[in-house]
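What follows is the residue order along each chain.
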Amino acid sequence: MRIAILGSGVAGLAAAAALQQSGIDYVLFDRDANPLDGGAALILWPNALFALNQLTSEKISEIAQHPLKTGVLLEETSTLLLQLPLHWMKEEFSRYPICVRRSHLLHWLWDILDRPKIEQDTAIHTEMGRNQKIYVEFGSGRKDCFDGIIAADGIHSNIRKSIYGHLQRPTRYHAWRAIIQNAYDIQWDMAEYWGSGRRFGYARIDADHLYWFATLNYRWMQKDDQSFPSIRHQFSNLPDSIQKWIDHTPNHEIFSHSIYDIAPGYPLSSGPLLFMGDAAHAITPNLGFGGCLALEDAHVLLHALQQEKDWQKACARFAVLRKRRVAHMAKFARWLGEFSQIENHLAIQLRNKAFSLAPNFASQKVWRKLLTYNLLPHHKID
Ligand SMILES: Cc1cc2nc3c(=O)[nH]c(=O)nc-3n(C[C@H](O)[C@H](O)[C@H](O)COP(=O)(O)OP(=O)(O)OC[C@H]3O[C@@H](n4cnc5c(N)ncnc54)[C@H](O)[C@@H]3O)c2cc1C
């Protein structure tokens, strides 16, 4: 059996780890010459670390050396709204979250896979052939035949578009993110400041490096300029120490993102074709969970392949096991984006009051649902 993995981001490499553990041959493709490089950082929550541990035979201590042990949600004035239950996560899910450079995570996964070749080509579309085979047509003109395909080509997936059309849904806010060095004077390992129609957050990567992100509603931006310097003044209420890091970030190192998600409910598999990661279920980044879901996907694929030796049956099983989970996360992340970007002052005051009065058990209940997928040890498999 030979499977094509189209896209070598988090979802593609994690899928390769699942196939490798299952003894299945695969070929990795990516449209970029250096797909492992670049990008900012990802927060990986305990569910993702559990999945990664299963996929890499317990080697994650190598990348999980800087656990995030303190985390808060604050008003821009630094008034505390909520403590993130990170010690509770450690007790309940055995791990603290971490923040890792995307390139570090991808190189580390690629090393574990024994550095497979990544063929540079752009997948255009797929087509069913005879004898259960499936063809991929690439941008170079190449047409190749496989026993199965994993479409892991991200939120703008050509493969998904060629079958289901354009499914991305816009949001009313934009995001920027970057990594800075020499950030020593930080109080919390992770924090998020909520203002009116804007947010700013950070997470510690290691002793020297910090990842920060910012979001702003479009109506505060100029139509033709999405650069961070053009809206920098919107974040002038943040504490001075934070403004200092922002100003130390070189403009060319700040990534700018229009934020979309994919409406949930579309099939995650079709015969020998499987969708994973953002190609299957891109969610808005309000929880920092999209990459985590891609790692869960790969763990569930590994499980499905242990249950079903037939590729198409394993794909169908994967889709059944993932359907509810990814739909729930898409809905929750989208709702959280709307809720956190509100501008009405009365609504903001009510929201903040509700957060500051919320009992610990209520926050833990929400987090338990967010962090639980159906292969966590204490969860019953559907
Ligand atoms: C602002 C922001 C903050 C985020 N923060 C977090 C976070 O803290 N934690 C978290 O878990 N997630 C976070 N996410 C989400 C996370 O980045 C994505 O969910 C994750 O990167 C998806 O991985 P993927 O492999 O599915 O897609 P991608 O990372 O997009 O990888 C797709 C790969 O496919 C390749 N490709 C694309 N088209 C083709 C084609 N036609 N043929 C061949 N190759 C192709 C691309 O070059 C790329 O290498 C954030 C996202 C944003 C925008």
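Residues numbered from 1 in each chain as written. Predicted model: local features only at pLDDT ≥ 70, side-chain atom pairs only at ≥ 80, totals over all residues.

Q: What's the story with the sheet that holds strand 8 (residues 123-128) in this structure? I'm lost.
A: Remark on secondary structure: sheet strands pair via backbone hydrogen bonds, oriented parallel or antiparallel. One open sheet holds the 3 strands; their spatial order is 8-9-10, and the pairing between them is antiparallel. The sheet terminates laterally at strand 8 and strand 10 (143-146), the two strands that pair on one side only. Strand-to-strand, the axes of this sheet are offset by a mean angle of 25 degrees, without reference to chain direction. Pairing analysis gives 4 bridges linking strand 9 (residues 134-138) to strand 10, with the strands arranged antiparallel. When the sheet's bridge partners are listed, Glu137 is paired in strand 10 with Lys143. (Pairing = 2+ DSSP bridges. Helix = DSSP H or I, 4+ residues; strand = E, 2+ residues; numbered from the N terminus. Axes fitted to C-alpha atoms, helices over the stretch in contact; angles between N-to-C directions.)

Q: Explain the site of the ligand here, please?
A: Lining the immediate environment of the ligand, one finds 34 residues, of which Gly7, Gly9, Gly277, Gly290 and Gly291 sit closest. Only helix 1 (10-21), strand 2 (25-30), strand 3 (41-44), strand 12 (168-181), helix 8 (278-281) and helix 9 (290-307) provide two or more residues apiece to the shell around the ligand. Among the elements that make up the shell around the ligand, the one with the highest residue count is helix 9 (4 residues). Here the shell around the ligand is built from residues that sort into 16 nonpolar, 12 polar and 6 charged. (Near = placed C-beta within 6 Å. Nonpolar A, V, L, I, M, F, W, Y, C, P; charged D, E, K, R; others polar.)

Q: Honestly, the UniProt feature "domain: FAD-binding" (unreviewed entry) in the protein chain in this entry has me stumped. Any pointers?
A: As recorded in UniProt, the feature "domain: FAD-binding" (unreviewed entry) lies at residues 3-306. Here residues 3-306 is 27% helix and 32% strand, with 16 Å between the C-alpha atoms at its ends. (UniProt positions renumbered as here; feature names shortened; annotations may be inferred.)

Q: Is there a simple way to think about the packing of helix 2 (residues 46-55) against helix 9 in this case?
A: What describes two packed helices is the angle between their axes and the distance between those same axes. Interhelical geometry of helix 2 versus helix 9 gives an angle of 40 degrees and a closest axis separation of 8 Å. Taken together, the axes of helix 2 and helix 9 lie oblique to each other. Both helix 2 and helix 9 take part in a crossing whose hand is left-handed. Residue-level inspection shows Asn47, Ala48, Ala51, Leu52, Gln54 and Leu55 of helix 2 in contact with helix 9, the latter providing Gly291, Cys292, Leu295, Glu296, Ala298, His299 and Leu302. Considered class by class, the residues forming the contact of helix 2 with helix 9 number 8 nonpolar, 4 polar and 1 charged. (Parallel < 35°, antiparallel > 145°, perpendicular 65-115°, else oblique. Left-handed = near helix turned anticlockwise from the far one by under 90°. Contact = placed C-beta atoms within 7 Å.)

Q: Where do I start with the environment of Gly290 in this structure?
A: Here Gly290 lies in helix 9. Residue Gly290 is classed as buried on the basis of its 24 C-beta neighbours within 10 Å. Sequence-wise, Gly290 and Leu44 are 246 residues apart; in three dimensions their C-alpha atoms are separated by 9.5 Å. Residues contacting Gly290, with those up to four places away along its chain left out, are Asp278, Ala282, Ile283 and Pro285. (Buried ≥ 20, exposed ≤ 12 C-beta atoms within 10 Å, placed from the backbone.)

Q: Before we go on, may I ask you to explain the sheet that holds strand 2 in this structure?
A: The strand order across the open sheet formed by 6 strands is 7-2-1-11-18-17, and the pairing between neighbours is mixed. Unpaired on one side and paired on the other, strand 7 (118-120) and strand 17 (269-270) mark the two borders of the sheet.

Q: I'm lost on helix 1 in this one. Help?
A: Turn by turn, an α-helix covers 3.6 residues, leaving residues three or four places apart pointing in a common direction. Across its 12 residues, helix 1 extends 17 Å between first and last C-alpha, which sits within 8% of the 16 Å expected from 1.5 Å per residue. Here helix 1 lies mainly inside the structure; 10 of its 12 residues are buried. When we look at burial in helix 1, the residues that qualify are Val10, Ala11, Gly12, Leu13, Ala14, Ala15, Ala16, Ala17, Ala18 and Leu19. Just beyond helix 1, the residue with positive phi is Gly23, at close to 70 degrees. (Expected span 1.5 Å × (residues − 1).)

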